[in-house]
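Given next are the chains, with one letter for each unit.
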Amino acid sequence: MTYSVPPGGEELDHPIEAENAIELKEIEGLSQAQIVRRRFFRHKGAMISIFVLAFIIVLAFSSVGFDVMGFKTPGWWMWTWTQIPEVLDRGRPTLSLIPEWLGGSGFRIGEHPFGQDEVGRDIFALTMRGTQQSLMILVVVGIVATVIGTTLGALSGYYRKWVDPVIMRFTDIVITIPLIVVGAVLGRTFGELGALVLAVIIGLFTWTGLARLVRAEFLSLREREFVDAARVAGASDRRIMFRHILPNSIGVIIVNATLLMAAAILLEAALSFLGYGVQSPDTSLGKIISDNQAAFSTRPWLFWWPGLFIIAIALCINFVGDGLRDAFDPRQKRVPSDRALRTAAARLDRGRHNDAVEREGL
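1. Observations regarding the overall build of the protein
- Helix and strand counts for the protein come out as 14 helices and 2 strands.
- Expressed as a percentage of the 362 residues in the protein, the buried residues total 43%.
- Nonlocal contacts in the protein, meaning residues at least 24 apart in sequence, comprise 69% of its contacts between residues at least 6 apart.
- Carbon together with sulfur atoms contributes 63% to the accessible area of the protein, which is approximately 20400 Å² in total.

2. Examining the side chain of Asp-282
- With respect to the helices, strands and loops of the structure, Asp-282 is situated in the loop between helix H11 (250-274) and helix H12 (285-291).
- Overall, Asp-282 belongs to the buried group, its relative accessible area being 18%.
- There is a polar contact of 3.2 Å between the side chain of Asp-282 and the side chain of Arg-129.
- Setting aside residues no more than four positions away along its own chain, Asp-282 makes contact with Trp-81, Arg-129, Gln-133 and Lys-287.

3. Points about the environment of Leu-97
- Looking at the element boundaries, Leu-97 is found in the loop between strand S2 (71-73) and helix H4 (123-159).
- Taking the C-alpha atoms as reference, Leu-97 lies 8.5 Å from Ile-109; in sequence the two are 12 residues apart.

4. Points about the nonpolar core
- Of all hydrophobic cores here, the largest spans 46 residues; its most connected members are Met-128, Leu-138, Phe-309 and Ile-313.
- Put simply, the parts of the chain that give this core at least two residues each are helix H3 (44-63), H4, helix H7 (195-203), H11, H12 and helix H13 (301-328).
- It is H4 that contributes the most residues to this core, 11 residues altogether.
- If near-sequence neighbours (up to four positions away) are discounted, Phe-309 is found in contact with Ile-56, Leu-59, Phe-114, Thr-127, Met-128, Thr-131 and Leu-285.
- The next biggest cluster of nonpolar side chains, apart from the first, holds 18 residues, and it includes Ala-145, Tyr-158, Leu-210 and Leu-246.

5. What to know about helix H6 (residues 179-190)
- Relative to the 16 Å expected for 12 residues at 1.5 Å per residue, H6 spans 16 Å between its end C-alpha atoms, a close match to the ideal helical length.
- Taken residue by residue, H6 has Val-182, Gly-183, Ala-184, Leu-186 and Gly-187 as its buried positions.
- The elements touched by buried residues of H6 are H7 and H11.

6. Some thoughts on a nonpolar patch on the surface
- Taken together, the side chains of Ile-180, Val-181, Val-185, Phe-273 and Leu-274 make up a nonpolar region of the molecular surface, amounting to roughly 420 Å² of accessible area.
- The set of elements that each furnish at least two residues to the nonpolar patch consists of H6 and H11.

7. Re the packing of aromatic side chains
- Counting across every chain of the model gives 8 aromatic pairs.
- Three or more aromatic residues joined by ring pairs make a cluster, and in this case those are Trp-76, Trp-77, Phe-114, Phe-124 and Trp-305.
- Taking the ring centre of Tyr-158 as reference, the NZ or CZ of Arg-222 above it sits at 5.5 Å.

8. Quick word on the pattern of salt bridges
- Evaluated as defined, the whole model comprises 11 salt bridges.
- Glu-223 serves as the salt-bridge partner of Arg-160, at 3.6 Å between the closest nitrogen and oxygen. One end of the pair, Arg-160, is in the loop between H4 and helix H5 (163-176); the other, Glu-223, is in the loop between helix H8 (208-221) and helix H9 (225-232), with 63 residues separating them in the sequence.
- With relative accessibility at 46%, the residue Glu-223 sits in the partly exposed group.
- The closest approach of N and O atoms between Asp-228 and Arg-231, which form a salt bridge, is 3.1 Å. Within this pair, Asp-228 and its partner Arg-231 are both found in helix H9, separated by 3 residues, close to a single helical turn.
- The class for Asp-228 is partly exposed, based on a relative accessible area of 37%.
- Residue Arg-231 is classed as partly exposed on the basis of its relative accessible area, which comes to 33%.
- Several salt bridges converge on common partners, so that one network encompasses Arg-160, Arg-222 and Glu-223.

9. Observations concerning the confidence of the model for the protein
- Confidence along the protein averages 80 in pLDDT terms, with 79% of residues attaining 70 or more.
- Across the protein, element-level confidence peaks in H3 with a mean pLDDT of 93 and bottoms out in helix H1 (residues 15-27) with 52.
- For residues 1-13, every residue scores under 50 in pLDDT, and the model assigns this stretch 26 contacts once sequence neighbours within four places are set aside.

10. Examining unusual backbone geometry
- The backbone of Asp-89 sits at a positive phi, close to 50 degrees, despite the residue not being glycine.
- Examined against the element boundaries, Asp-89 turns out to sit in the loop between S2 and H4.
- Among the residues examined, Asp-89 registers a relative accessible area of 56% and is labelled exposed.
- Here Lys-161, not a glycine, exhibits a phi torsion of approximately 45 degrees, which is positive.
- Structurally, the position occupied by Lys-161 is in the loop between H4 and H5.
- Overall, Lys-161 belongs to the exposed group, its relative accessible area being 74%.

11. Let's talk about the packing of H4 against H13
- Taken N-terminus to C-terminus, the directions of H4 and H13 make an angle of 30 degrees; their axes are 10 Å apart at the nearest point. Taken together, the axes of H4 and H13 are roughly parallel relative to one another. Classified by chirality, the crossing of H13 by H4 is right-handed. Residues Ile-123, Thr-127, Met-128, Thr-131, Leu-135 and Leu-138 of H4 touch H13, and the partners they reach there are Leu-302, Trp-305, Pro-306, Phe-309, Ile-313 and Ile-317.
- Residue composition of the contact of H4 with H13, grouped by class: 10 nonpolar, 2 polar and no charged.

The rules we used
Residues numbered from 1 in each chain as written. Predicted model: local features only at pLDDT ≥ 70, side-chain atom pairs only at ≥ 80, totals over all residues. Heavy atoms only, no water. Helix = DSSP H or I, 4+ residues; strand = E, 2+ residues; numbered from the N terminus. Buried < 20%, exposed > 50% of the residue type's maximum accessible area, 1.4 Å probe, protein only. Contact = heavy atoms within 4.5 Å. Areas by Shrake-Rupley, 256 points an atom, 1.4 Å probe, with all protein chains shown as cover. Polar contact = N/O pair within 3.5 Å; in protein donor to acceptor, adjacent residues only side chain to side chain. Core = buried A, V, L, I, M, F, W, Y, C linked by side-chain atoms within 4.5 Å. Expected span 1.5 Å × (residues − 1). Patch = residues over 30% accessible without salt bridge, like charges linked within 9 Å, V, L, I, M, F, W, Y side chains within 5 Å. Salt bridge = Lys/Arg side-chain N within 4 Å of Asp/Glu carboxyl O. Phe/Tyr/Trp six-rings, centres within 6.5 Å; stacked < 30°, edge-to-face > 60°. Lys NZ or Arg CZ within 6 Å of the ring centre and 35° of its normal. pLDDT = per-residue confidence, 0-100. Axes fitted to C-alpha atoms, helices over the stretch in contact; angles between N-to-C directions. Parallel < 35°, antiparallel > 145°, perpendicular 65-115°, else oblique. Left-handed = near helix turned anticlockwise from the far one by under 90°. Nonpolar A, V, L, I, M, F, W, Y, C, P; charged D, E, K, R; others polar.

Here is the structure:
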């Protein structure tokens, strides 16, 4: 593939040169952190997902308030998730988004925008409380699994010898145990202790994939020149691992931590739907669906909103993970437009022409 240049120039037979010239021009004078930040901000899906996720978090924690370890704050919504008001219009949603000129009821929210369940509880308040619990679970699972997976993977990849086989065989044993079975058993046992305890238990069994990836990164990086230089300088193993090798593996860790968090909310929803997750009197998004599964055909709005929030949160985290992967991976390049490639080709050709003229003049 060739690109034409202005009169007097030559065709560039290798457009990769033009792409490299454009990339070097964009990152000229920038640090690695600035390059990663710029690439991440260019990812439209990740940026939109961050705003959507931030909106969900603010809405969930401000609308009905929150209750964490006895610390309570009120919300701005008229109902709480424990109140049982009178059932109105068979619990149908009062939210209307269709204007009157299209045959709808106009734009209005009403007292129960998401509807009411069979006993009268407000589904909006329940969904917000469930979103709080699901968000807390995914964050705790992400932290616990990331810390365990990173630590074990780092020790296994750096020390090797007998440490590597022992840790990896233990990892293999944990992998062979079906996660949904472990979650069901532990959820039934510890679910009544609250969402926080359940999240810690889930995190103790979801670190295996990250540990393998971190191990592979450490096996590769421990043979690099900067690690040899640190050893010659007298750095301890701990300093080499966590001050030299770990920062160079941070991209893999962050990306896979986001994937763990997305998987955690789906696992919690599945466990709660099966009755092994968060237990009454508390609730979660999966438990709301489970509690109302008998009314699937008669009152489907009881499933719309919890399911929508589960999908939205999981998709947002996945898109953020994609943006982080593209930002940290130097092999992920933004494809320039044909016009930019032609301009870069012309610039390269003029530079070669000027160099040739200078050599002839000498």
